[in-house]
Amino acid sequence: MALELYYWPTPNGWKITIFLEEAGLDYRIVPVNIGRGEQFEEAFLRLSPNNRMPVIVDPETGASVFESGAILVYLAEKTGRFLAPSGPARIAALEWLFWQVGGLGPMGGQLGHFRNYAQVKLDYAIERYANEYDRLLSVLERRLSTVPFLAGTDYSIADMATWPWLQPHERLGQSLDPYPAVRRWFDTLAARPGVQRGLEAGSELREAGGLDDEARRVLFGQKGRRS
Ligand SMILES: N[C@@H](CCC(=O)N[C@@H](CS)C(=O)NCC(=O)O)C(=O)O
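Residues numbered from 1 in each chain as written. Predicted model: local features only at pLDDT ≥ 70, side-chain atom pairs only at ≥ 80, totals over all residues. Heavy atoms only, no water.

### Quick look at the pairing of strand 4 (residues 63-66)
Inclusion rule: Only strands joined by at least two bridges in the DSSP assignment are considered to pair. Numbering goes from the N terminus for both helices and strands, where a helix is a DSSP run of H or I of at least four residues and a strand is a run of E of at least two.
The pairing of strand 3 (residues 55-58) with strand 4 spans four bridges and is antiparallel. Along strand 4, the bridge assignment pairs D58 with A63. What sits between the antiparallel neighbours strand 3 and strand 4 is a turn of four residues, in which G62 has the positive phi angle 80 degrees.

### Brief notes about the domain arrangement of the protein
Accessible area lost upon the coming together of the parts is a frequently used measure of interface size. Condition: Note: domain ranges come from an automatic or database domain assignment. Note on contacts: a residue pair qualifies if any of its non-hydrogen atoms lie within 4.5 Å across the two residues. Note on definitions: buried area is the accessible-area loss of two parts on being combined, 1.4 Å probe, summed for both. Salt bridge, as used here: a side-chain nitrogen of Lys or Arg that lies within 4 Å of a carboxyl oxygen of Asp or Glu. Here the nonpolar group is Ala, Val, Leu, Ile, Met, Phe, Trp, Tyr, Cys and Pro; Asp, Glu, Lys and Arg are the charged ones; every other residue, Gly included, is treated as polar.
In terms of domain boundaries, the protein breaks down into domain 1 (3-81 + 198-220) and domain 2 (88-191). Just the C-alpha atoms count here: the centres of domain 1 and domain 2 sit 20 Å apart. Residue-level contacts link 17 residues of domain 1 with 16 residues of domain 2. When domain 1 packs against domain 2, the two sides together hide about 1,500 Å² of surface, and 72% of this comes from carbon and sulfur. Here E77 ties to R90 by a salt bridge, and the two come within 2.7 Å at their closest N and O atoms. Contributing elements (two or more residues each) for the side of domain 1 that touches domain 2: helix 1 (11-23), helix 3 (68-79) and helix 10 (213-220). Here the element with the most residues in the side of domain 1 that touches domain 2 is helix 1; it accounts for seven residues. Looking at the side of domain 1 that touches domain 2 residue by residue, the class counts come to nine nonpolar, three polar and five charged.

### Regarding helix 7 (residues 180-190)
In an α-helix there are 3.6 residues to a turn, and that puts residues three or four apart on one side. Using the following cut-off: Throughout this description, buried means an accessible area under 20% of the type-specific maximum (1.4 Å probe, protein chains only), exposed means over 50%, and partly exposed covers the range between. What the arc describes is the spread of directions from the helix axis to the C-beta atoms.
Every buried residue of helix 7 is accounted for by A181, V182, W185, F186 and L189. Buried residues of helix 7, viewed axially, fall in a sector of 135 degrees; they line one side. Buried positions along helix 7 lie against helix 5 (123-144), helix 6 (157-166) and helix 8 (193-200).

### Let's talk about the site of the ligand
Cut-off, in case you're wondering: Nearness is defined per residue: one heavy atom within 4 Å of the molecule or strand is enough. Pairs of N or O atoms are called polar contacts if they sit within 3.5 Å, as long as, within protein, a hydrogen donor faces a hydrogen acceptor (for residues adjacent in sequence, only side-chain-to-side-chain pairs). The accessible surface values rely on the Shrake-Rupley method and a 1.4 Å probe; as for residues, cover is taken only from the protein chains in view.
If you check the shell around the ligand, you find 13 residues, and the closest are T10, Q39, M53, E67 and S68. One of the side-chain N or O atoms of R52 is found 3.0 Å from an oxygen atom in the ligand. About the coverage of the ligand: the protein hides 86% of its 510 Å² of free accessible area. Tallied by class, the residues present in the shell around the ligand amount to five nonpolar, four polar and four charged.

### Brief notes about the pattern of salt bridges
Evaluation of the coordinates by the stated rule reveals eight salt bridges. Among the salt bridges present, the one from R28 reaches E4, with a minimum N-O distance of 3.3 Å. Of this pair, R28 sits in strand 2 (residues 27-31) while E4 sits in strand 1 (residues 3-7), placing them 24 residues apart in sequence. Sharing partners across several salt bridges, the network here consists of D58, E60 and K78.

### What to know about helix 6
Of all 10 residues in helix 6, 10 are buried; the element is thus mostly enclosed. Looking only at helix 6, the buried set comprises I157, A158, D159, M160, A161, T162, W163, P164, W165 and L166. For helix 6, the elements touching its buried residues are helix 1, helix 3, helix 4 (88-117), helix 5, helix 7 and helix 8. Taking the backbone nitrogen of A158 as reference, a side-chain oxygen 3.1 Å away marks S156 as the first, capping residue of helix 6.

### Quick notes on the side chain of N33
Along the chain, N33 falls in the loop between strand 2 and helix 2 (42-47). A distance of 2.9 Å separates a polar side-chain atom of N33 from the backbone nitrogen of G35.

### A few points about unusual backbone geometry
P54 follows M53 through a cis peptide bond whose omega is 10 degrees. Within the element layout of this structure, P54 appears in the loop between helix 2 and strand 3. Of note in this structure, N51 is not a glycine but carries a positive phi near 55 degrees. Residues other than glycine seldom take positive phi values, yet E67 does so here, at roughly 75 degrees. Mapped onto the secondary structure, E67 falls in the loop between strand 4 and helix 3.

### A word on the pairing of strand 2
Pairing geometry for strand 1 and strand 2, over five bridges, is parallel. Across the sheet, residue E4 finds its bridge partner in strand 2, namely R28.

The following block contains the structure:
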């Protein structure tokens, strides 16, 4: 039976479509239009107490999992792929997975907000998050100068979690030019058919459901639910 993926095509969503495509799992996208505020609906809150996508529901086990890092671990354990079962490679994958979820994702998200969406341009905020995103790129550079993938020798869920937050680096006003090892790793992943399919998954949803004025108010406005 197909896994259900509650999803909208954004970096946090792509982490999961990339895994599902790489592993060749059968899944069905349930769109959660975050531009229109569907993440705040009561039925969704029962699956995702933090009102955010992605979420998966596995009809085979009845499990419902929110938070992209937890979903990736769940899927890796379900399939026995992209996460070592024990030992140093597993710990390394989890280190970099948590690094992404706790650092690169939120910093990239804030940078995107202040650079591309905020109704008031705040130079201080843009500079703060740009510096932090850049610092995290230099952390990646040190790691990827010594190993081909974040967990070491093998491609893992840590790479799948991190790549989607580098994919929009140009839109975030950042360059990979100072980081040759990051660039090599970025291009290696970008060339993988599974990554390309993950990035494409549900892209038609975005075109069909761009942000209208009300959605912008909810997500980004001063009086919206997130202000
Ligand atoms: N820590 C969460 C973050 C998820 C997240 O921020 N999702 C965004 C889209 S990329 C979302 O649902 N946003 C809706 C909102 O901000 O109200 C995870 O890794 O799953």
